[in-house]
Amino acid sequence: MKKSGKLLAWKFILLIQFVASCTLVVFAYKMDVLPVKTLTELIVVLVLALLGLGYVMNPKTFIKREQVPAKAGEAPQTRVKENPNGFIYNTIGKIVSLVVTIVLLIGTVYCTKTTKAVKKVAGNTTTVTTFNLYVMKNDNYSKLSDLKDQFIGFVPSVSTDAYTQASSKLNEALSYKTNNYKHTDDAADALYKSKVEAVFLSDAYGTVMKKRHPTFAKDTKVLWSVTITTSDKLAASDKDITKEAFVLYIAGVDSRHSITETSRADVNMLITVNPKTHQILLTSIPRDSFVPLANTNYQFKDKLTHACLFGTTNSVKTVNHLMNLNIDFYARVGFKMIINLVDAVGGVNIYSDKDFIPWTDHSVHVKKGWQKMNGKMALAFARERKSYNEGDRHRAANQQAVVKALIKKISASSTYLTHYNDIVNAIAGSFQTNITQTQLKALVKYQLDKSPKWKMMSTVLNGESEKVTGGYMMPNTALYYMILNQSSVDQNRQYIVDMLANKKIKIKKDQTLETEEDADSSTAKSSNATSTTSGTSTNGTTSTNGTTSTNGTTSNSTTAGSTSTTANNTTNSQTARSSANTTSNTGTVRSTTNSTSNTTRRTYNNRYSTSRYRGTTRSYTSRYRRTYR
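Residues numbered from 1 in each chain as written. Predicted model: local features only at pLDDT ≥ 70, side-chain atom pairs only at ≥ 80, totals over all residues. Heavy atoms only, no water.

In this section: helix 3 (residues 86–121). For helix 3, with 36 residues, the first-to-last C-alpha span of 52 Å sits near the 52 Å given by 1.5 Å per residue. Gly123 sits one or two residues past helix 3 and shows a positive phi near 70 degrees. (Helix = DSSP H or I, 4+ residues; strand = E, 2+ residues; numbered from the N terminus. Expected span 1.5 Å × (residues − 1).)

Spatial ordering of the open sheet is given by 5-4-6-3-7, a layout of five strands whose pairing is mixed. Each having just a single partner strand, strand 5 (177–180) and strand 7 (220–231) make up the two edges of the open sheet. On average, adjacent strands in this sheet sit at an angle of 25 degrees to one another, irrespective of strand direction. Where strand 4 (residues 151–154) meets strand 6 (residues 198–202), two bridges bridge the pair, whose relative direction is parallel. Bridge pairing links Gly153 to Val199 in strand 6. This element, helix 4 (residues 161–173), spans strand 3 (126–136), strand 4, strand 6 and strand 7 of the sheet and lies at about 125 degrees to strand 7. (Pairing = 2+ DSSP bridges. Axes fitted to C-alpha atoms, helices over the stretch in contact; angles between N-to-C directions. Contact = heavy atoms within 4.5 Å.)

It is worth spelling out unusual backbone geometry at this point. For Asp149, which is not glycine, the phi torsion reads 65 degrees and is therefore positive. By secondary structure assignment, the location of Asp149 is in the loop between strand 3 and strand 4. A relative accessible area of 41% means that Asp149 is categorised as partly exposed. (Buried < 20%, exposed > 50% of the residue type's maximum accessible area, 1.4 Å probe, protein only.)

Core analysis: the largest hydrophobic core is formed by 52 residues, its most contacted members being Tyr249, Leu270 and Met323. For Met323, the residues in contact, after removing those within four places along its chain, are Leu270, Ile285, Leu461, Val489, Asn492, Arg493 and Ile496. Listed in part, the 48 residues of the second largest apolar core include Leu248, Leu282, Ala401 and Trp454. (Core = buried A, V, L, I, M, F, W, Y, C linked by side-chain atoms within 4.5 Å.)

Note on pairing: side chains with opposite charge can pair once their charged atoms come close. Taken as a whole and judged by the stated rule, the model has eleven salt bridges. Among the ionic pairs, Arg287 bridges to Asp288, the shortest N-O distance being 2.8 Å. For Lys303, the salt bridge goes to Asp288, with nearest N and O atoms at 3.7 Å. Taken together, the residues span a long stretch of sequence, with Lys303 in strand 12 (residues 301–303) and Asp288 in the loop between strand 10 (279–284) and strand 11 (290–292) at a distance of 15 residues. Judged on exposure class, the residue Lys303 and its partner Asp288 are both buried. (Salt bridge = Lys/Arg side-chain N within 4 Å of Asp/Glu carboxyl O.)

Let's shift gears to the pairing of strand 10. The buried count for strand 10 comes to six of six residues, which makes it a mostly enclosed element. Burial along strand 10 is two-sided: Gln279, Leu281 and Thr283 facing one way and Ile280, Leu282 and Ser284 facing the other are all buried. Direction of pairing for strand 9 (residues 265–274) relative to strand 10: antiparallel, over a ladder of six bridges. Residue pairing across strands places Val273 opposite Ile280, the latter belonging to strand 10. What sits between the antiparallel neighbours strand 9 and strand 10 is a turn of four residues, in which His278 has the positive phi angle 60 degrees. Examined bridge by bridge, strand 10 and strand 17 (residues 455–460) share six bridges and lie parallel to one another. From the neighbouring strand, Leu281 faces strand 17, where its bridge partner is Met457.

This part takes up a nonpolar patch on the surface. Among the surface-exposed residues, Phe12, Leu15, Ile16, Phe18 and Val19 lie close enough to one another that they form a single nonpolar patch of about 460 Å² accessible area. For Phe12, the position within the fold is in helix 1 (residues 2–31). (Patch = residues over 30% accessible without salt bridge, like charges linked within 9 Å, V, L, I, M, F, W, Y side chains within 5 Å. Areas by Shrake-Rupley, 256 points an atom, 1.4 Å probe, with all protein chains shown as cover.)

Turning next to the packing of aromatic side chains. Under the defined criterion, the tally for this structure stands at 16 aromatic pairs. Taken together, a centroid distance of 6.4 Å and an interplanar angle of 55 degrees make the contact between Tyr446 and Trp454 tilted. Residue Tyr446 shares its accessibility class with Trp454, and that shared class is buried. An aromatic cluster of three or more residues is present, and its members are Phe131, Phe154, Tyr163, Tyr176, Phe200 and Trp224. When the ring centre of Tyr481 is taken as origin, the NZ or CZ atom of Lys303, which lies over that ring, is 5.8 Å away. Residue placement shows Lys386 over the ring face of Trp359; its charged tip is 4.2 Å from the ring centre. (Phe/Tyr/Trp six-rings, centres within 6.5 Å; stacked < 30°, edge-to-face > 60°. Lys NZ or Arg CZ within 6 Å of the ring centre and 35° of its normal.)

Further remarks concern the sheet that holds strand 13 (residues 329–334). The mixed open sheet is built from six strands, whose spatial order is 16-13-8-9-10-17. One side of each edge strand has no neighbouring strand; the edge strands of this open sheet are strand 16 (431–433) and strand 17. Geometrically, the sheet is characterised by an average inter-axis angle of 20 degrees between neighbouring strands, direction not taken into account. Relative to strand 16, strand 13 runs antiparallel, the two being bridged by three bridges. Note that in strand 16 the partner of Arg332 across the bridge is Gln432.

The next subject is the environment of Ser465. Assignment of secondary structure puts Ser465 in strand 18 (residues 463–468). The class of Ser465 is buried, set by a relative accessible area of 2%. Sequence separation of Ser465 and Leu484 is 19 residues, and the distance between their C-alpha atoms is 8.8 Å.

Low pLDDT means the predicted coordinates in that region are not meant to be read closely. The predicted model of the protein chain averages 79 in pLDDT, with 76% of residues at 70 or higher. Predicted confidence for residues 521–629 stays below pLDDT 50, and this span has 201 contacts to residues more than four positions away or in other chains. (pLDDT = per-residue confidence, 0-100.)

The next subject is helix 4. Note on helix geometry: an α-helix contains 3.6 residues per turn, so any two residues three or four positions apart are oriented the same way. Relative to the 18 Å expected for 13 residues at 1.5 Å per residue, helix 4 spans 19 Å between its end C-alpha atoms, a close match to the ideal helical length. Residues of helix 4 that are buried include every one of Ala162, Tyr163, Ala166, Ser167 and Leu170, and no others. The buried residues of helix 4 occupy an angular sector of 130 degrees when projected down its axis, which confines them to one face. Looking at the buried side of helix 4, the elements it contacts are strand 3, strand 4, strand 6 and strand 7. (Arc of directions from axis to C-beta.)

Have a look at this one:
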C-alpha cells in the first residue's frame, strides 16, 4: 500500500503540472499576441519539462534489477537494488514540479489579465459626459422643482448626441422656459445678469468658464445633473498595421477621474508609423492652435484643445481638416497613465535643456541634462510651458521626449518581461483607442516576433501667439491663441504623406528647440569647436550659433530658421536676415525674415532688448506672453 501510495503521489503531481501546462497553452493561444514561433517554443519547453520531471519523480528510475545466478534445481532470481539518493531525487523532482505548476498558473492569470486589458482598451470609444444645471449661489433655489416655469439658458449649437440626450432628460424632469444662446459665455453672462435663472452646461466647460468669470465655481452651485454615456462613431481603418503605414492621433486628456469623461485635449499628437521603413514620426500640434472646429462645420475657430469637449471624433475631424489628412486611428490617454506607466517601467531617462521648477508641481525639480525621471517628474516635465521662450511649442517637445523614452523602454524585451504586470495595470484604466482588438494584437505580435529597431523623429508645428477675441467658445473674451504658419502646416503634412508612401524621410532641424539629439551630439561637436563663443561680439556686432564676427559682419550657418542680429546693420551670406532698431519711447521692434525662416515678429508696446539666444530679438512681456516661431 505504501509503495502504491508513493506511485500515485508522483503521478498526481505530474498530472497537475500537465493540466496547468495545457491551461497555459490554451489561454496563451486565445490571447493571440504570441508569435507562432514563440508559442511553439513554449509548447516544446512544457513537454520537455513534463518528461524530465516525470522521469525524475518516478521511483522506478533509481531502481536497478540484477539477475542472481540460480542454484542447481532452482529458478533464476532477480535482485532489486535501490539508489540511496533516489528518494532525494524523487523529492526534489516533486518540489520542482509544484513550483513549475505555480509558475504556469501565474502565467495563465497574466494571459487572462492581458486578454481583459486588450478588450478594455481596444475598440473602446465610450465617453461619459456630465451636464449640470447651474444657478447662482445667492438665489433661493434648493431643488429642481423650484425652477418650474423659469427661464433656463441653453447653447443649442452644441449639437452632440450627449447634449441632446441630456436635454431630453431635463425635459422629462422639469417644465421650464428656454432662452437659447449662441455661445457658452453668452449663457454665463445671462446667468450673472439675471436674464435667466439657470444655465445648462457640460461639466467639462468649468475651465472655460473661469476665463470669462474667474469666480464662476464660487458664485454658482449645481442644482441638478445628469450623466450621459455615448460612443464615438468614428470607425477604425481596416489597414494591416504590421505591413502598412498608418497615422494615430493621440489626445492627452486632462480628465481628473475616468479616461471616459469628456474633457479638453491638452496633448494633440500625430504618430505616424511605418512598419516597412521602421520609422516613427511624432508630430505635435500646440493645444492653443487657432483652428476651424469640425462641430461648427469649420465655420468658427477656437483652440484645438476645446475641440475634444465635443468628443474625440470631433478632434480627429478637426485635425484632419487642418492637416488635410485621413487619420487612421485615435487614442485617448489620461495624465494618470503617464505617472503609472513611467513608474511601472522603473522610470525613464529624459534630457532637459534647462533647469526649472515646474509650475504645475513645485515639489519637483527638473535639472538641466540627462536624468532619470519617475512618473510624477515626467508628467510635470511634459506639462511645463512657462519656463520656456517657446512656451506651448516647447511643452509639446517635452511631451514627445516622454513618449519616445517610454517607447524605447517598453520595446526592450527585458522591460516587458520584468514589468509586464505593472505595464498592463497602468494601461488598462487610462487608455482608450478605436484600434480593434485584432489589429492591436497583431501589432504586439509583430513587435515580439520581429523586434525591429525603430527610428523615432519628432516635429512641432510653428506659429505665433496673438491675443484676440472671436473664439467659438468665448467670442467676447480676449484669449491667447497660436496662429499657425501655413508653411509649417504644409511641411509637416508632407512628412506624413511621404511616410505613408513608404518613403524614408529626414526631418529638418528645428533651431528653436533643443532636443536630446542635440545633447547626444554636443560632445562630438565640442571636440571640433573653434575658439569662438556664442554671443561674443566684435566691433559692435552680436554673433550667434558658435560663429565669430569681425568688422561688423556676422557669418552664420544656412540652417533654416537661423538668424543674425547687429546693432545697426548686418551682412549675411544667403541666410535669414533680421535688423533690430530700438525706439526708446514706443519700444517697437522691426525685423524682416526670408522665406526659409518661419520666424515671425510682432510689434509690442513693451520694453525689449536684443537677446543673445540664437541671435534673435525678443520682447520681454508678462510670463503669459510668449513668442512662437
